Amino acid sequence: MNNKKPIGVFDSGVGGLTVLEKLVEMYPSENFIYVADQGYCPYGTKTKEEIEQRVLTIGKYLLNRGVKAIVIACNTASLFKQSLQNITDTPVISVIEPTALRAIELTKSKKVAVLATNATIQNGKYQKILEENGVEVYPVPASSFVEIIESNEMDSNYALKTVTEKLLPLKSAGVDTLIHGCTHFGLLEFQMKKVLDDVTYVECGYPTSFLLGNVLQLTIDYTSKGYIEIYTTGKKEDFEAKIKWFTIPHQPIQEL
Ligand code: DGL
């Protein structure tokens, strides 16, 4: 199945672009439609009902655009993957399972930290998959990181202080692997490494890209370039200002 229909990708904001980067790197000839649901960001401190509602709303928009698959480039939204999959035969991909499985492959100490939004930690899906595979889990709810990243303050002293408070207790725990269980968090990894530099950081982008490739049987084609459309449910100027680090060529950002 390798047609020219686009692949839909969404997140509450900028974090999912870290997944889109990997998808485009691996499948440059594919077309992508990315939605940042900034009008409703953050997801991680909302109720289950509110998050599910947003997943269905954005998912339906992408389905109406004729996508051949939807990658939920957000861990918090991925908790509601099944609600979206229930209304369509189009494959819906969650970031949680492939990322958890990658961490299980990598850990030697069998002690893995999961940093994620409050909603993702409360749900316990990561903990369940890891524990079923004999891994001891150190869950860290860190919705405060999302605010730092969405306000583009990753370089600030406040960012380092917040990251230090959350990560320092892990230092003595024997954790050798840390999951970015929120697609925003890779953007703070340079600060995290100042506190914990001897762990392997696992992000969602590559494991999810491999899974998508398997599901759609994508062939890797470097001879042509697809298009990338980006939409926000917030203000486009605001979004543009936040994603200076995203250097992959794309069409002008539009408001949904
Ligand atoms: N990027 C999202 C995730 O992976 C969450 C950010 C938010 O709280 O909206 O969970």
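Up top you'll find the structure we're talking about.
Quick caveat, the model's predicted, so the values are computed rather than measured.

## As for the site of the ligand
No. 1: Every one of the 13 residues lining the ligand counts as a neighbour, but S12, Y43, N75, T76 and H184 are closest to it.
No. 2: One of the backbone nitrogen or oxygen atoms of Y43 is found 2.6 Å away from an oxygen atom of the ligand.
No. 3: Burial of the ligand by the protein amounts to 100% of the accessible area it has alone, namely 300 Å².
No. 4: Counted by class, the shell around the ligand contains five nonpolar, seven polar and one charged residues.

## Observations regarding the side chain of E189
No. 1: Inspection of the secondary structure assignment puts E189 in helix α10 (residues 189-195).
No. 2: If we ignore the near neighbours within four places in the chain, the residues touching E189 are H180 and Y201.

## Re the sheet that holds strand β8 (residues 200-202)
No. 1: Pairing is parallel in the open sheet, where four strands are placed in the order β6-β5-β7-β8. Edge strands, defined here as strands with exactly one partner in the open sheet, are β6 (136-141) and β8. Taken pair by pair, the neighbouring strands of this sheet meet at an average axis angle of 20°, ignoring direction.
No. 2: Alignment of strand β7 (residues 177-181) against β8, held across three bridges, turns out to be parallel. Looking across to β8, one finds that L178 is bridged to Y201.
No. 3: The strands that helix α7 (residues 125-132) touches are β5 (111-116), β6 and β7; relative to β6, the one it contacts most, it runs at about 165°.

## Points about the nonpolar core
No. 1: Counting residues in hydrophobic clusters, the biggest one holds 89 residues, and the most contacted among them are F10 and L167.
No. 2: With six residues, the top contributor of residues to this core is helix α1 (residues 16-26).
No. 3: In this structure, F10 is in contact with V35, Y43, V55, I58, L62, I70, V71, I72, A73, C74 and A77, ignoring residues within four places of it in sequence.

## Section: helix α11 (residues 205-216)
No. 1: Its 12 residues place the ends of α11 16 Å apart at the C-alpha level, agreeing with the 16 Å of an ideal helix rising 1.5 Å per residue.
No. 2: Listed in full, the buried residues belonging to α11 are G205, P207, T208, S209, L212, G213 and L216.
No. 3: The secondary structure elements touched by the buried residues of α11 are β1 (7-11), α1, β3 (69-72), β4 (92-94) and α5 (96-106).
No. 4: At the C-terminal side of α11, Q217 shows a positive phi close to 50°.

## Focus on the pairing of β1
No. 1: For β1, the tally of buried residues reaches five of five residues, placing the bulk of the element in the interior.
No. 2: Because side chains alternate across β1, one face comprises the buried residues I7, V9 and D11, and the other comprises G8 and F10, equally buried.
No. 3: Relative to strand β2 (residues 32-36), β1 runs parallel, the two sharing five bridges. Across the sheet, the residue bridging to D11 is A36, located in β2.
No. 4: In this fold, β1 hands off to α1, which returns the chain to β2; that crossover is right-handed.
No. 5: Where β1 lies against β3, four bridges are found, and the strand directions are parallel. Looking at the pairing, G8 lines up with I70 of β3.

Cut-offs used in this document
Each residue is numbered by its place in its chain's sequence as written, counting from 1. Given that this is a predicted model, residues contribute local features only at a pLDDT of at least 70 and side-chain atom pairs are listed and counted only at 80 or more, while totals for whole chains, interfaces and linings are drawn from all residues. The basis for every side-chain value is the complete set of heavy atoms in the structure, and neither hydrogens nor water enter the calculation. In these notes, residues near a molecule or strand are those with any non-hydrogen atom within 4 Å of it. Within 3.5 Å is the distance limit for a polar contact, defined as a pair of N or O atoms, with the added protein rule that one can donate a hydrogen and the other accept it, and that residues adjacent in sequence qualify only through two side-chain atoms. Under the convention used here, a 1.4 Å probe and the Shrake-Rupley method define accessible areas, while residue burial counts only the protein chains that appear. Gly falls in the polar group here, along with every residue not listed as nonpolar (Ala, Val, Leu, Ile, Met, Phe, Trp, Tyr, Cys, Pro) or charged (Asp, Glu, Lys, Arg). Helix and strand assignments follow DSSP, with helices taken as H or I runs no shorter than four residues and strands as E runs no shorter than two, numbered in order from the N terminus. Here a residue-residue contact requires only that any non-hydrogen atoms of the pair lie within 4.5 Å. Note on pairing: DSSP must find at least two bridges between two strands before they are called paired. The convention used is that axes are lines fitted to C-alpha atoms, helices contributing only their stretch in contact, and that angles between N-to-C directions extend from 0 to 180 degrees. We define a nonpolar core as any set of buried Ala, Val, Leu, Ile, Met, Phe, Trp, Tyr and Cys residues linked to one another through side-chain atoms lying within 4.5 Å. Working definition: with a 1.4 Å probe on protein chains only, accessible area under 20% of the residue-type maximum means buried, over 50% means exposed, and in between means partly exposed. One less than the residue count of a helix, multiplied by 1.5 Å, gives the span that helix is expected to have. Crossover handedness is defined here as right-handed if the route from the first strand over the helix to the second strand goes clockwise, with the strands pointing away from the viewer.

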